[in-house]
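Chain and residue survey
Next come the chains, spelled out residue by residue.
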Amino acid sequence: TDATRRMRTAVVALCCLAGASAFTAPAPSLFRAASAASVPSLRHGAAAGARMMADDMSPTDKAKQLAGYKAVDDHVESGMTVGLGTGSTAYFAVERVGQKLKSGELKDIMCIPTSERTREQAESLDIPLCTLNERSNLDVAIDGADAVDPDYALVKGGGGALLREKMVEVMAKKFICIVDDSKLVDGLGPSFALPVEITPFCSEHTLRTIAALPELKGGEAVIRTGDCSNNAVEEGKPPAVTDNGNYIVDVSFKSNIKDVNAAAKALKETVGVVDHGLFVDMTHQVIVATKEGKCRVAGKGGEDCWWK
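In this report, the structure presented in the accompanying data block is examined. (Residues numbered from 1 in each chain as written. Predicted model: local features only at pLDDT ≥ 70, side-chain atom pairs only at ≥ 80, totals over all residues. Heavy atoms only, no water.)

**Details of the nonpolar core**
Quick reminder of the rule: Joining through side-chain atoms within 4.5 Å is the link that ties buried Ala, Val, Leu, Ile, Met, Phe, Trp, Tyr and Cys residues into a set, and such a set is a nonpolar core. Burial status follows relative accessibility: with a 1.4 Å probe on protein chains alone, a residue under 20% of its type maximum counts as buried, one over 50% as exposed, and anything between as partly exposed. Helix and strand labels come from DSSP, where a helix needs a run of H or I of at least four residues and a strand needs a run of E of at least two; each type is numbered from the N terminus.
Among the nonpolar cores identified, the biggest contains 28 residues, and L194, V196, I210, V249 and L278 are the most heavily contacted of them. At the level of elements, β7 (194-198), α8 (203-211), β8 (220-223), β9 (247-252) and α9 (260-268) are the ones that each hand at least two residues to this core. If you tally residues by element for this core, the top one is α9, at 5 residues. Grouped together as the second largest cluster of nonpolar side chains are 24 residues, A67, V72, A122 and V297 included.

Below, the structure is given as structure tokens:
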């Protein structure tokens with residue numbers, strides 16, 4: 001009937017109005033949310049988020065950040081060529097370089113990364129990069145370590161970047177080691193397995209040769225598997241591959257390596273070994289962050305070793 005048709009028309013009209021309202025009503029609020037008046041509140045929210053992230057950091061990570069920032073603040077100046085290390089502590093040094101470049105505190109610096117991971121981080125922070133091919137001489141290099149003995153000899157390579165780290169850091173006028181105090185040891189070996197980078201060719205043969213070295217007596221050698229930066233053997237995973245296409249042998253010890261210099265020399269002379277994670281007579285200064293939130297400096301310009 002005409003009455004029924006009029007009723008249906010009225011219902012459709014009401015539905016259309018309601019639908020239009022549902023789609024159009026939020027639009028002004030969306031524009032208001034993005035208006036200039038709301039930008040400060042968004043910025044404050046981001047800052048609050050950053051503070052929350054800092055507050056959520058573990059004591060160990062806070063210590064690493066402290067050491068990394070201090071190394072850059074104390075040793076990196078405008079116009080320098082800087083080596084950027086690899087690992088969880090070096091991450092904060094790279095972060096600090098990026099911050100100071102962005103703020104204008106640092107200018108005209110060039111950095112050399114020691115791994116693909118560090119290169120990616122540095123590029124994300126717009127840090128200018130080159131390689132040793134362009135600049136062989138560095139003013140300073142900053143990197144972490146897996147263990148530091150009283151002679152400032154280091155074990156490095158837990159992240160699988162020991163070859164590039166050594167190539168870059170040996171060319172620096174100053175190599176600054178940054179660690180938290182859990183890395184200080186009375187001797188190298190027991191606290192962290194010694195990484196050795198080897199060629200994939202006949203890797204089992206090279207593994208046996210390393211294990212048989214008299215200078216490494218007592219060490220147990222295994223090929224690292226899975227992720228190169230995991231410093232572990234992952235069951236069922238293939239050998240870990242470094243940025244250079246090589247394998248890593250990790251040598252663990254129950255007692256201190258008796259003669260670190262002799263061990264370094266013997267490994268370097270072993271055919272099939274590309275390089276090893278013993279960094280001897282390279283460290284200019286060790287910046288140590290403590291659990292109390294302070295930094296102590298050992299080496300040149302700092303204290304004598306206090307963990308003998």
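**Considerations on helix α5 (residues 90-103)**
For clarity, the cut-off: In a helix, the anticipated span is given by 1.5 Å times the number of residues less one. Between two residues, a contact is recorded if the distance between any of their heavy atoms is within 4.5 Å.
An ideal rise of 1.5 Å per residue puts 20 Å on 14 residues; α5 measures up with 20 Å between its terminal C-alpha atoms. Across the 14 residues of α5, 10 count as buried, placing the element largely inside the fold. For α5, the full list of buried residues reads A90, F92, A93, V94, E95, R96, V97, G98, K100 and L101. Tucked into the core, α5 has its buried residues touching α4 (59-75), β1 (81-84), β2 (110-113), α6 (116-124), β3 (138-143) and β6 (172-180).

**Details of the side chain of T81**
For clarity, the cut-off: Polar contacts, as used here, are pairs of N or O atoms within 3.5 Å; protein pairs need one atom able to donate a hydrogen and one able to accept it. Residues neighboring in sequence count only if both atoms are side-chain atoms.
Mapped onto the elements of the fold, T81 is located in strand β1. Reaching out from T81, the side chain makes a polar contact with the side chain of R135 at a distance of 2.8 Å.

**Focus on the sheet that holds β1**
Condition: A strand pair is defined by DSSP finding two or more bridges across the two strands. In this description, a line fitted to the C-alpha atoms serves as the axis of each element, helices being fitted only across the stretch in contact, and the angle between N-to-C directions of two axes falls anywhere from 0 to 180 degrees.
As summarised here, the arrangement of the 6 strands in space is β2-β1-β3-β6-β12-β13, forming an open sheet in which the pairing is mixed. Both outer strands of the open sheet, β2 and β13 (295-299), are each paired with one neighbouring strand and no more. Strand after strand, the sheet turns through a mean of 20° between neighbouring axes, direction not considered. Where β6 lies against strand β12 (residues 285-289), 5 bridges are found, and the strand directions are parallel. Bridge pairing in β12 places V179 opposite V288. This element, helix α7 (residues 162-169), spans β1, β2, β3 and β6 of the sheet and lies at about 145° to β3.

**Things to note about the sheet that holds β7**
One open sheet accounts for 4 strands, arranged β8-β9-β7-β10; its pairing is antiparallel. Two strands lie at the open edges of the sheet, namely β8 and β10 (273-276), each paired on one side alone. Here the strands of the sheet are splayed against their neighbours by 25° on average, with no regard to which way each runs. Across 3 bridges, the pairing between β7 and β10 is antiparallel. Considered in β10, the bridge of I198 is made with V273. Sheet strands in contact with α7 are β7, β9 and β10, and its direction is about 65° off that of β10. The strands touched by α9 are β7 and β10; relative to β10, the strand with the most contacts, the crossing angle is about 160°.

**Topic: the packing of α4 against α5**
The test is simple: Roughly parallel here means an angle under 35 degrees, roughly antiparallel means over 145, roughly perpendicular means 65 to 115, and every remaining angle is called oblique. The sense of a crossing depends on the near helix, which, turned anticlockwise from the far helix by less than a right angle, makes the crossing left-handed and, turned clockwise, makes it right-handed. Just so you know the grouping, Ala, Val, Leu, Ile, Met, Phe, Trp, Tyr, Cys and Pro go in nonpolar, Asp, Glu, Lys and Arg go in charged, and all remaining residues, Gly too, go in polar.
Contact pair α4 / α5: the axes reach a minimum separation of 8 Å and the direction vectors enclose 50°. Judged by the inter-axis angle, α4 sits oblique to α5. Read as a crossing pair, α4 and α5 show a hand that is right-handed. Every residue of α5 that contacts α4 at D61, K64, Q65, G68, Y69, V72 and D73 is listed here: F92, A93, E95, R96, V97, Q99 and K100. Considered class by class, the residues forming the contact of α4 with α5 number 5 nonpolar, 3 polar and 6 charged.

**Quick look at the pattern of salt bridges**
Here the idea is simple: oppositely charged side chains can pair when their charged atoms come close. Inclusion rule: Here, a salt bridge means any side-chain nitrogen of Lys or Arg that lies within 4 Å of a carboxyl oxygen of Asp or Glu.
Considering all chains together, one arrives at 17 salt bridges under this definition. A salt bridge links K70 to D74, with the shortest nitrogen-to-oxygen separation between them at 2.8 Å. In this pair, K70 and D74 are both assigned in helix α4, 4 residues apart and thus about one turn of the helix distant. Notably, a salt bridge pairs E116 with R164, separated by 3.1 Å at the nearest N-O pair.

**Here we look at the pairing of β3**
In terms of burial, β3 is a largely internal element, 5 of the 6 residues being buried. Taken together, the 3 bridges between β1 and β3 define a ladder with parallel strand orientation. For L84, the partnering residue across the bridge sits in β3 and is I142. Bridge count between β3 and β6: 5 bridges; the pairing is parallel. Directly across from A141, in β6, lies its bridge partner F175.

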